[in-house]
Amino acid sequence: METEKEIRIEGIGVSQGIARARIFVRTQAFREPAKKTIAESEVDGERARLEKGLQVTRHQIREMYDTVLHDVGAENAAIFEAHLLVLEDSTVLTQVNDSISKDLVCADFAFWEVMKRYIDALRAIDDSYLGERVVDIEDVSRRVLRNLRGERSTSKGPREQHILAARDLTPSDTATLDKKKVLGFVTEVGSPTSHTAIMARSLQIPAVVGIRGLLRKIRSGDSVLIDGYSGIVFVNPTEETLEEYSRIEEQKGAIEQRILDAREADAQTTDGRGIILSANIEFPHEAEDVLRFSARGVGLFRTEFAYMNGDQPGEDVLAEGYEQVVACLEPDLVIFRTVDLGGDKLEPGRSTDLEPNPFLGWRGIRYCLQRPNLFEAQLRALLRASARGKVGIMFPLISSVGEVIEAKQIVEKCKEQLAKRGQAFDPNVQIGAMIEVPSAAVGADLIAGEVDFFSIGTNDLVQYSLAVDRINESVAHLYQPSHPAVLRLINHTVKSAHDAGIWCGICGEMAGDLNLTPLLLGLGLDEFSVVPSQVPRVKFALRKLDASECQARVKEWFQLADPALIYQESHRMAMAAYPELVSS
Ligand code: PEP
Ligand code: MG
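Just so it is clear, the model here is predicted, and its values are computed rather than measured.

Colleague: Would you mind showing me how to read the side chain of Thr303 here?
Modeller: With respect to the element layout, Thr303 can be found in the loop between strand E10 (298–302) and helix H11 (315–329). Within polar-contact distance, the side chain of Thr303 engages the backbone nitrogen of Val339 at 3.4 Å.

This is how it looks when you write it as structure tokens:
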């Protein structure tokens, strides 16, 4: 039997590890309907089914319209008015009903054929306004078809262990992957700092993203090996490749074990500088990983993930989860970042089309300040947890000191509410600001007096200061955390914190890049917060570096203009100190 040829595809490795299995391609939820003929006696039933499908769709669209009108404004809601008009077009409906009764075809097929004629005719006209209308009509037509079929979401994967392939996965898709079945995933879209990639690292699922044309190169059932370290995917790997990877896995395994064995040591540099090394988590159950990898508490709890899979959780449910984590990690500090929805993290049912620039829009603290019920319920839950252990409350996407002051006033209001109820809380709970917007970094000296700590969110700070979308693979080469502008923003933030007598940490993915540990240490950061499994590696690296030497070198690097050169210098130091952890 002829063996299939090995194909090697390159992407961006965003979550370390090697996985081998058959691939399952998750296609878009939409399929064109097949032509199904019906008997004359079924005509009325099909027409009624069509009407029901249209009714459900109208109802969904009206709900979306109301929410958007109330929350964002009429301009953004207008798109849904356009969708409703498509559904109320009597010419269209007459044609579909006629087709059901005359051609004796099912409602799905009749509806899609009519809509397709309109779509194709509009597409043939070269006009940008009509181009947008086509997208609307296509969108609403697909929604009607999904409702006619009673479909809700994308198809489930096979029962066997597999590697998942898709054009894209949302962060909540990724958060709900069954780790026992999904050994790894590959996508066409994505970049290392997208929340999908962050989630993969949290789950410790090897992942390669940003693979152009992936879905044209693979089929469900193909045997694949993915290398999450270097971002290479092998379709039909040869015996030779498999053997080579067995060796690589063995080597990596031995190094991992050595690092894991040293995880209890202090995070201290060779010249005695102590660094707080904490963990980034998304769910309460990950407190176990924090302990397992010997992190000092949590530097970033992305609390919004609890809002992304279903109903809005209430105060009691939240308090219970937060208390569990705090009690489990006591006496270490747990920093809860208040809800940071928006951008690529959406509540269910909220479409990505609602805002033209979601990362510049209704996100982070802006969202919370306009959702007082949601925000106050979360703050009360956090305060309640502060009675059980050490809690930090940190606000995301701060762009000016006014937002911190307003948010702190709401915290005070919540304390009063709890006091009235007779519920315990720590009156001195620590308050922090995420520094992830350039205006906050530049104005860090103005914000420092209002908070107990800063945590630099480089994932966003890099995207906003360099104007490079963090989830767009086409500009991934321009996403450079070692850019001189980023260095200056971090430097000013750390200095402002220290001048005000507060500490400054870093919780963006840059903190886990071992090539950049010398640079970050030299910039004077007091705390590094990384995905739990990366904690032992960062600790191993810190223990091999001399903080004063890094500081002196970073001063020299401030003269360099080229981000690649700065990266290279830091990498060189890393290579000299811990070659087993960085590749040349
Ligand atoms: C960041 O922006 O660096 C950060 C840690 O927050 P998130 O990745 O959740 O936006
Ligand atoms: Mg952020």
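Colleague: In this structure, what is going on with the pairing of strand E12 (residues 391–395)? I would like to understand it.
Modeller: Across a regular strand the side chains alternate sides, sitting on one face of the sheet and then on the other. Burial within E12 is extensive, with 5 of its 5 residues counted as buried. Neither face of E12 is left uncovered, since the one carrying Val391, Ile393 and Phe395 and the one carrying Gly392 and Met394 both have all their residues buried. In this sheet, E12 lies alongside strand E11 (residues 334–337) in parallel orientation, the contact comprising 4 bridges. Paired with Ile335 across the bridge in E12 is Gly392.

Colleague: Please explain the packing of aromatic side chains as it appears in this structure.
Modeller: The description of two aromatic rings rests on the distance between their centres and on the angle between their planes. The final tally for this structure, using the stated rule, is 8 aromatic pairs. Measuring from ring centre to ring centre gives 5.5 Å for Phe234 and Tyr245, while their planes differ by 65°; the resulting arrangement is edge-to-face. Separated by 11 residues along the polypeptide, Phe234 in strand E8 (residues 232–235) and Tyr245 in helix H9 (residues 239–261) bring together distant segments of the chain. Across this residue pair, the class does not change: Phe234 and Tyr245 are buried. Both rings, one in Phe301 and one in Tyr322, keep their centres 6.3 Å apart while their planes meet at 75°; by these two values the pair is edge-to-face. Of this pair, Phe301 sits in strand E10 while Tyr322 sits in helix H11, placing them 21 residues apart in sequence. Across the pair, Tyr322 and Phe301 agree in class, each one buried.

Colleague: Whenever I open this one, the nonpolar core confuses me. Can you help?
Modeller: Soluble globular proteins tend to bury their nonpolar side chains together. In terms of nonpolar packing, the biggest core is built from 105 residues, with Phe454, Ile490 and Phe528 touching the most fellow members. Residue contributions to this core peak at 7 residues, all from helix H13 (residues 372–385). Discounting residues that sit within four places of it in the chain, Ile490 has contacts with Ile456, Thr458, Leu461, Met510, Leu520, Leu523 and Leu525.

Colleague: Which parts of the structure should I look at to understand helix H20 (residues 535–542)?
Modeller: Among the 8 residues in H20, 8 count as buried, and that is most of the element. Three or more residues of H20 are buried, namely Val535, Pro536, Arg537, Val538, Lys539, Phe540, Ala541 and Leu542. Those residues of H20 that are buried lie in contact with H9, strand E9 (276–281), helix H19 (517–522) and strand E16 (527–530).

Colleague: Please clarify how the packing of H11 against H13 should be interpreted in this entry.
Modeller: Axes are the key here: two packed helices are described by the angle between their axes and the distance separating the axes. In the contact formed by H11 and H13, the axes pass within 8 Å of each other and the chain directions differ by 35°. Where H11 crosses over H13, the handedness of that crossing is right-handed. Contacts between H11 and H13 involve Glu315, Asp316, Leu318, Ala319, Tyr322, Glu323 and Val326 on the former and, on the latter, Ala377, Gln378, Arg380, Ala381, Leu382, Arg384 and Ala385. Here the contact of H11 with H13 is composed, by residue class, of 8 nonpolar, 1 polar and 5 charged.

Colleague: I'm lost on the pattern of salt bridges in this one. Help?
Modeller: Two side chains that carry opposite charge are able to pair once their charged atoms sit near each other. In the structure shown here, the tally under the stated rule is 35 salt bridges. Between Arg296 and Asp332 there is a salt bridge whose closest N-O contact spans 3.4 Å. Placement of Arg296 in the loop between helix H10 (287–292) and E10 and of Asp332 in the loop between H11 and E11 is noted, with a sequence separation of 36 residues between them. With a closest N to O distance of 2.9 Å, Glu376 and Lys413 form a salt bridge. Here Lys413 lies in helix H14 (residues 401–421) and Glu376 lies in helix H13, a separation of 37 residues in the sequence. Salt bridges here are not isolated pairs; linked through shared partners, they connect Glu304, Arg337, Asp340, Arg363, Asp460 and Arg470.

Colleague: Where do I start with the coordination of the magnesium ion (ligand 2) in this structure?
Modeller: Reference geometry at the metal: tetrahedral coordination by four donors gives ideal angles of 109.5 degrees; octahedral coordination by six donors gives 90 or 180 degrees. Around the magnesium ion (ligand 2), the protein supplies Glu436 (OE) and Asp460 (OD) as donor atoms, at distances of 2.0 to 2.1 Å. In this pair, Glu436 is assigned in the loop between strand E13 (430–435) and helix H15 (438–442) and Asp460 in helix H17 (residues 458–466), connecting sequence segments 24 residues apart. For the residue pair Glu436 and Asp460, the accessibility class agrees, reading buried in each case.

Colleague: Honestly, the sheet that holds strand E15 (residues 503–506) in this entry has me stumped. Any pointers?
Modeller: One key point about sheets: their strands pair by backbone hydrogen bonds, in either a parallel or an antiparallel sense. Taken in spatial order, the 8 strands close into a barrel running E9-E10-E11-E12-E13-E14-E15-E16, and their pairing is parallel. Neighbour-to-neighbour, the strand axes of this sheet turn through a mean angle of 25°, independent of strand direction. Bridge count between strand E14 (residues 453–456) and E15: 4 bridges; the pairing is parallel. Along E15, the bridge assignment pairs Phe454 with Cys504. Contacts from helix H18 (residues 484–499) reach E13, E14 and E15 within the one sheet, and its direction differs from that of E14 by about 165°.

Rules used throughout
Residues numbered from 1 in each chain as written. Chains lettered and ligands numbered in written order. Predicted model: local features only at pLDDT ≥ 70, side-chain atom pairs only at ≥ 80, totals over all residues. Heavy atoms only, no water. Helix = DSSP H or I, 4+ residues; strand = E, 2+ residues; numbered from the N terminus. Polar contact = N/O pair within 3.5 Å; in protein donor to acceptor, adjacent residues only side chain to side chain. Buried < 20%, exposed > 50% of the residue type's maximum accessible area, 1.4 Å probe, protein only. Pairing = 2+ DSSP bridges. Phe/Tyr/Trp six-rings, centres within 6.5 Å; stacked < 30°, edge-to-face > 60°. Core = buried A, V, L, I, M, F, W, Y, C linked by side-chain atoms within 4.5 Å. Contact = heavy atoms within 4.5 Å. Axes fitted to C-alpha atoms, helices over the stretch in contact; angles between N-to-C directions. Left-handed = near helix turned anticlockwise from the far one by under 90°. Nonpolar A, V, L, I, M, F, W, Y, C, P; charged D, E, K, R; others polar. Salt bridge = Lys/Arg side-chain N within 4 Å of Asp/Glu carboxyl O. Donors = N, O, S within 2.8 Å, 3.2 Å for Na, K, Ca; no water.

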